[in-house]
Amino acid sequence: MATSVLSKPAAKGGSFLLDSPAPQDIFTPADLTDDQKLIGQTAEEFVIKEVFPHIKDLEAKKPGLMAELTRKAAGLGLLSGGTPEQYGGAGLDKISTTILTEKISIYGGFATTHGAHAGIGTLPIVYFGTEEQKKKYLPKLASGELIGAYCLSEPQAGSDAQNSLTRAELNQEGTHYVLNGQKMWITNGGFADLFIVFAKVDGEKLTAFIVEKAFPGCKPGNEEHKMGIHGSSTTPIFLENCMVPKENLLHEIGRGHIVAFNVLNAGRFTLGASCVGGGKHVLMTASKYAKERKAFGKSIGEFGLMKEKLAEMAIRMFAVESMIYRSAGYMEAALHAASGSGDSSQNTMKVLEEYAIESSISKVYGSEMLDFVVDEAVQIFGGYGFHEDYTVCRAYRDSRVNRIFEGTNEINRMLIIQMLMKRAMAGQLALIPAALKLADEILAGPSYEEAPEGVLAEEARVIANGKKIFLQAAGGAMQKYGEKIADEQELIGALANIVMEIFAMESSLLRAQKAATHKGEAAASVMIDAARVFIAEAAERIDHEAKRALATVHEGDMLTTQLAVLKRFGKRRTVDTITLRRRVAASVQAQDRYPFEGR
Ligand SMILES: Cc1cc2nc3c(=O)[nH]c(=O)nc-3n(C[C@H](O)[C@H](O)[C@H](O)COP(=O)(O)OP(=O)(O)OC[C@H]3O[C@@H](n4cnc5c(N)ncnc54)[C@H](O)[C@@H]3O)c2cc1C
């Protein structure tokens, strides 16, 4: 348990846009306990020893193999981190489930299978099941006797999940719901035994059901021919007069969207962690290859443009890892504070909702980081990266889906801003007073600022100004459009990008400062370099997004004034990112791996 962090009250979800926490107030991988590290190690070793030798067969969909390996993982408790011990689960804390997910995700096919079973296939029952449902199904899901799946999407209803055409009607005897419809893209569909199915009762009220494969009328279709994650099963599920006992209705009639969205919140967060695990493995592979592969009489890893790639892969991973463990720390602290009062499943859901913004950021930023990492890895491998015999080729294909499932990145970008606005309007997040205060500051004109001192002090100033830029851009947008901002998707996208950059920059900064405090500046120097590069370039991206936003919101003299204000907030020293990246690359290449593991 991360007691040092748990002793502090958790920051509120989204509050990173307003507050400036101290480095010791955030959780970082350096705070992982030995027990938590051991859980990660067990998960990683399982995949390396038990799954890797079968990848060829898994990719060829050898019948029964993925199900067998999934059950084997269950035997080690790797499938039941989120299931309480009283129902046969491992009952892990949030930080432990985060590292478990990260480390089990070094092979995309297995990561997806695991996520569908242990996450979205099991958690609906953990959070919303009745005592009877929990007792009946959770121990079997935890042991792998049953493999779970989650059936929300339909051929015509993906992002627009509420447009479900699957129907549920209570039979005349009042004993069963009769389900009719088709689900699409169901992970684990080919071998799952238990499905969380969403259907509309009386054609109107979206409702969740627990459906056993053995129920008459429930049938998986053929495997889809996908671009990647070939090791995982994805099929449609056909429901033809499928008889579901009425005791298997999950939660309440017409509350299926609550089940779906809460579970997706959890899924989005873990997907980010999964991307970090996948990325680390790819970086290791790319660094080793760059050492071995010769061109022009040298290892290609000696070329500056190859070093730059390895460094940037590590730097972006560092930012995502920092955000994810910071968020996991907040969630765990909030869960810890709530424990002992109320229902623990309800507490978990409240916490998931509290950090829904951070979860969407984790999903979007994590999946885009991994796509960058696998793309650069293919480039480092040259022609061989384009060949199926090399693992980076598979990793490239496997990564792409992360931007699509668990809510597309477009949907999540919109959610980030919608959730922030909702919290601001409800007075839960003081964005409106902060924007008004900023307007006064802008009117007052520039004030004298002392040069900041201390580790990454200039970067801390840049981030504080980044938050002002967000308030400036979002404040103007809200003033102009109000609730109609929902129709301005490109603007929302730009604002969401700024929000994500701020969270990523600040998480990187605080982690590096914390490392410098605990280990000394010299020992943390490469991490400091990584944070400086990341923050310098994220600040450029914020400038770019803010300009786009301001230009669509304002015009004429007002636009000129707003751009002058942006210039003032965006003022910063130029950083020699080339030299800093070389140092980060040297650290990657010295060990052929991600250099900030557990730090
Ligand atoms: C390999 C794989 C596994 C999957 N596993 C599961 C699973 O286990 N269970 C399950 O239920 N589902 C699963 N899915 C489905 C997945 O969740 C959906 O594919 C996803 O939600 C997107 O829906 P869609 O494919 O219908 O795309 P659409 O919703 O048609 O979206 C197409 C494009 O339009 C954009 N778009 C849609 N609406 C808007 C909007 N309002 N504003 C702006 N842009 C918009 C999207 O961002 C996207 O770029 C899986 C999908 C894949 C590919």
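Scoring rules and cut-offs
- Residues numbered from 1 in each chain as written.
- Predicted model: local features only at pLDDT ≥ 70, side-chain atom pairs only at ≥ 80, totals over all residues.
- Heavy atoms only, no water.
- Pairing = 2+ DSSP bridges.
- Helix = DSSP H or I, 4+ residues; strand = E, 2+ residues; numbered from the N terminus.
- Near = heavy atom within 4 Å.
- Polar contact = N/O pair within 3.5 Å; in protein donor to acceptor, adjacent residues only side chain to side chain.
- Nonpolar A, V, L, I, M, F, W, Y, C, P; charged D, E, K, R; others polar.
- Axes fitted to C-alpha atoms, helices over the stretch in contact; angles between N-to-C directions.
- Parallel < 35°, antiparallel > 145°, perpendicular 65-115°, else oblique.
- Left-handed = near helix turned anticlockwise from the far one by under 90°.
- Core = buried A, V, L, I, M, F, W, Y, C linked by side-chain atoms within 4.5 Å.
- Buried < 20%, exposed > 50% of the residue type's maximum accessible area, 1.4 Å probe, protein only.
- Contact = heavy atoms within 4.5 Å.
- Phe/Tyr/Trp six-rings, centres within 6.5 Å; stacked < 30°, edge-to-face > 60°.
- Lys NZ or Arg CZ within 6 Å of the ring centre and 35° of its normal.

Some thoughts on the pairing of strand β7 (residues 234-245)
Two faces make up the sheet, and in a regular strand the side chains alternate between them.
Phase 1: In the sheet, strand β3 (residues 176-187) pairs with β7 via nine bridges, with the strands oriented antiparallel. Bridge pairing links K183 to I237 in β7.
Phase 2: The pairing of strand β6 (residues 218-220) with β7 spans three bridges and is antiparallel. From the neighbouring strand, P220 faces β7, where its bridge partner is I237.

Structural notes on the site of the ligand
Phase 1: Around the ligand, a shell composed of 19 residues is seen, among which Y150, S159, W185, T408 and E410 lie nearest.
Phase 2: Contact between the ligand and G158: an oxygen atom at 3.5 Å from a main-chain N or O atom of the residue.
Phase 3: Where the shell around the ligand is concerned, the elements lending two or more residues are β1 (148-151), β3 and α14 (409-425).
Phase 4: In terms of residue class, the shell around the ligand is made up of 11 nonpolar, six polar and two charged.

Focus: the packing of helix α9 (residues 256-292) against helix α12 (residues 356-381)
Phase 1: One can describe the packing of α9 onto α12 by two numbers: an axis separation of 8 Å at closest approach and a directional angle of 20°. If you check the angle between α9 and α12, you find them roughly parallel. For the crossing formed where α9 meets α12, the hand is left-handed.
Phase 2: Of the residues that constitute the contact of α9 with α12, the class distribution is 17 nonpolar, 10 polar and two charged.

Quick word on the nonpolar core
Phase 1: M313, I361, I417, L420, F470 and L495 are the most contacted members of the largest nonpolar core, which has 120 residues in total.
Phase 2: Counting residues in each nonpolar core, the second largest holds 48 residues, with Y127, F128, Y177 and I210 among its members.

A look at the pairing of strand β5 (residues 205-212)
Phase 1: Most of β5 sits out of view: six of its eight residues are buried.
Phase 2: Taken together, the eight bridges between strand β4 (residues 194-201) and β5 define a ladder with antiparallel strand orientation. Residue pairing in the sheet places F198 in a bridge with A208 of β5.
Phase 3: Between the antiparallel neighbours β4 and β5 lie three residues, among them D202 with a positive phi of about 55°.
Phase 4: Bridge count between β5 and strand β8 (residues 249-250): two bridges; the pairing is antiparallel. The residue bridging F209 from the neighbouring strand is L249, located in β8.

Structural notes on the side chain of K467
Phase 1: Locating K467 in the fold gives a position in helix α16 (residues 457-481).
Phase 2: Here the side chain of K467 touches F16 through a polar contact of 2.8 Å, landing on its backbone oxygen.
Phase 3: Separated by 2.5 Å, the side chains of K467 and E506 make a polar contact.
Phase 4: In this view, K467 contacts F16, L17, L18, D19, S20, I502 and E506; residues no more than four positions away in its chain are not counted.

Overview of helix α11 (residues 344-354)
Phase 1: Burial in α11 covers these residues: S345, N347, M349, V351, L352 and E354.
Phase 2: The N-capping residue of α11, defined by a side-chain oxygen 3.2 Å from the backbone nitrogen of S345, is D343.

Some remarks on the packing of aromatic side chains
Phase 1: Following the criterion strictly, the structure yields 12 aromatic pairs and no others.
Phase 2: Ring centres 3.9 Å apart and planes at 15° place the aromatic pair Y289 and F381 in the stacked group. Pair noted here: Y289 is in helix α9 and F381 is in helix α12, with a separation of 92 residues, a long-range link.
Phase 3: Ring pairs connect the aromatic residues Y289, F381, Y384 and Y390, which therefore count as one cluster.
Phase 4: For the cation-ring pair, R541 lies above F534, with the distance from its terminal atom to the ring centre recorded as 5.5 Å.

A closer look at the environment of A473
Phase 1: With respect to the helices and strands, A473 occurs in helix α16.
Phase 2: A473 gets classed as buried once you look at its relative accessible area, which sits at 2%.
Phase 3: Residues A473 and Y330, 143 residues apart in the sequence, show an inter-C-alpha distance of 27 Å.
Phase 4: For A473, the contacting residues outside a window of four places in its chain are L495, A549 and L550.

Focus on the side chain of E376
Phase 1: Within the secondary structure, E376 is located in helix α12.
Phase 2: By relative accessible area, E376 is classed as buried at 13%.
Phase 3: At 3.3 Å, the side chain of E376 forms a polar contact with the side chain of K309.

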